[in-house]
Amino acid sequence: METRNYRFETRQIHAGLNPDEPTGSRGIAIWPTAAYRFRSCDHAARLFDLSEAGNIYTRLQNPTTAAFEERIAALYGAVGALAVSSGMSAILVTTLSLAAAGDNIVVSPYLYGGTHNLLRTTLRRLGIDCRMAASEQAADFEPLIDDRTRMIYAESMGNPTCTVPDLEALGEVARRRDVPLVVDNTFGAAGYLCNPFEWGANIVVDSATKWINGHGTTLGGVIVDGGNYDWSNGKFPQIDGPSEGYHGLNLYETFGNAAFVVKCRVDGLRDLGCAPSPFDSYLMLIGLETLSLRVRHEVESARKLAEYCRRHPKVRNVSYVGFDTHPSHDNARKYYRFGASAIFTIELEGTLESTVRFVESLHLAANMTMIGDSITVVTHPASTTHKQLSDEDLAAAGVTPTMLRISLGLENVDDLIDDFEQAFTHVE
Ligand SMILES: *Cc1c(COP(=O)(O)O)cnc(C)c1O
């Protein structure tokens with residue numbers, strides 16, 4: 001269904017919802033199929049040549065997944081989207097579609113841990129040089145860019161510090177230096193809180209595991225193509241040049257401004273195989289129907305719980321991007337609806353041991369490493385994600401022994417405040 005003229009809340013329900021002709025089913029069908037029958041050998045040949053669009057094999061496309069992709073593209077106002085099996089696959093497929101051995105990428109220092117390892121270690125071993133800017137400021141990115149740079153990469157809100165880069169300034173650098181700007185917009189909740197395309201991003205990747213799914217049930221990722229990059233500048237022969245995998249077909253000439261997302265599908269998914277299951281795409285579609293309602297509730301609850309923590313004598317410090325004491329407060333106000341997300345960190349008074357006691361005394365908030373779930377999550381980086389680091393490395397990462405990351409869920413926030421209140425009685 002064409003939903004361009006509707007607002008976000010309407011698009012999140014109606015985009016991709018194409019009525020099923022024979023059955024009249026309102027629900028989107030789950031198509032559990034690995035392959036699709038061709039009408040003829042000639043039909044098959046046209047599909048394989050990409051001269052006709054259609055289903056071949058679920059590693060490349062699936063009708064349930066296509067509905068999810070249509071909905072994501074509609075939410076972002078993008079030319080196309082590709083669903084993959086995790087957020088990490090989205091980042092991997094995107095990077096390998098843009099850069100090869102001998103090229104470099106210029107990235108923000110505030111990266112999700114998995115991304116940090118992928119870009120700095122694994123892809124470096126493949127010969128892609130990852131250059132990390134000294135800060136999230138555009139002025140620190142620009143000197144690292146040269147004629148072999150194939151991507152500028154940042155997160156629209158960094159994890160766990162909630163650092164928000166000046167997206168517009170990064171977009172300007174990207175345009176001036178003619179390099180695509182790729183933004184991990186996991187925290188931007190599929191464009192509801194933040195839409196990087198409005199600020200000059202060319203490609204967005206999301207971990208759909210988080211707010212898109214929203215219920216902690218499924219891993220997934222999406223790659224979204226803004227259709228706003230000119231691939232004909234000679235830097236991307238794999239997109240604007242004869243395609244080895246398709247008898248010399250030029251993707252840019254054939255698919256125009258959707259060439260990048262086509263490239264990710266027809267080479268990326270075909271060769272790397274990180275396709276989502278149709279059942280998982282179905283769960284993503286159901287999750288998206290309530291995205292704005294969930295996120296709005298979570299952001300409001302985050303503010304209330306952060307305010308409660310700020311007043312509590314056993315809390316040393318609250319780092320919440322919605323407070324004007326946070327270094328990214330102004331950028332969050334500019335780029336994020338409500339000026340905040342559903343995440344904040346606190347530092348408790350006391351020790352590592354008393355912090356562990358606090359976490360273990362919580363009844364409602366779950367001790368996990370997860371964000372964007374319908375249940376509230378409290379993560380203790382020092383005993384989980386950052387456990388292997390020395391005290392000096394912990395300090396460099398901004399992680400202290402008593403720091404906790406909190407991701408708000410859908411509970412009544414007063415119950416969460418009560419839960420925190422009783423857990424504080426267990427720490428001195
Ligand atoms: C979780 C996360 C990822 C990785 O996504 P997975 O779905 O877990 O593979 C990437 N970036 C950010 C910002 C994340 O929070």
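Just above sits the structure.
My aim in this report is to walk through the structure given alongside it, one point at a time. (Residues numbered from 1 in each chain as written. Predicted model: local features only at pLDDT ≥ 70, side-chain atom pairs only at ≥ 80, totals over all residues. Heavy atoms only, no water.)

1. Notes on the state of the cysteines
Using the criterion set out here, one finds zero disulfides in the structure. Its sulfur unpaired, Cys264 is 9.7 Å from the next cysteine sulfur, which belongs to Cys274. Residue Cys264 is classed as buried on the basis of its relative accessible area of 0%. Summary of cysteine pairing: Cys309 is not part of a disulfide, and the nearest cysteine sulfur, belonging to Cys162, is at 14 Å. By relative accessible area, Cys309 is classed as buried at 0%. (Disulfide = S-S within 2.5 Å. Buried < 20%, exposed > 50% of the residue type's maximum accessible area, 1.4 Å probe, protein only.)

2. Considerations on the packing of aromatic side chains
For the structure shown, the criterion picks out 16 aromatic pairs. Consider the rings of Phe358 and Phe420, whose centres lie 5.5 Å apart with planes at 80°: the pair is edge-to-face. With a gap of 62 residues between them, Phe358 in helix α13 (residues 352-361) and Phe420 in helix α15 (residues 413-424) connect regions that are remote in the sequence. Each member of the pair Phe358 and Phe420 is classed as buried. For the pair Phe420 and Phe424, a centre-to-centre distance of 6.5 Å together with 70° between the ring planes defines the contact as edge-to-face. With Phe420 and Phe424 both in helix α15 and four residues apart, this pair spans about one turn of that helix. Among the residues examined, Phe420 registers a relative accessible area of 0% and is labelled buried. Over the aromatic face of Phe236 sits the side chain of Arg150, whose NZ or CZ is 5.8 Å from the ring centroid. The cationic tip of Arg310 hangs over the ring face of Phe323; the distance from NZ or CZ to the ring centre is 3.6 Å. (Phe/Tyr/Trp six-rings, centres within 6.5 Å; stacked < 30°, edge-to-face > 60°. Helix = DSSP H or I, 4+ residues; strand = E, 2+ residues; numbered from the N terminus. Lys NZ or Arg CZ within 6 Å of the ring centre and 35° of its normal.)

3. Observations concerning unusual backbone geometry
Unusually for a residue other than glycine, Leu50 sits at a positive phi of about 65°. Relative to the helices and strands, Leu50 resides in the loop between α2 (41-48) and α3 (63-76). Using a relative accessible area of 18% as the deciding quantity, one classes Leu50 as buried. Its identity is not glycine, yet Asp178 carries a phi of approximately 60°, on the positive side. On the secondary structure map, Asp178 appears in the loop between α7 (167-177) and β5 (181-184).

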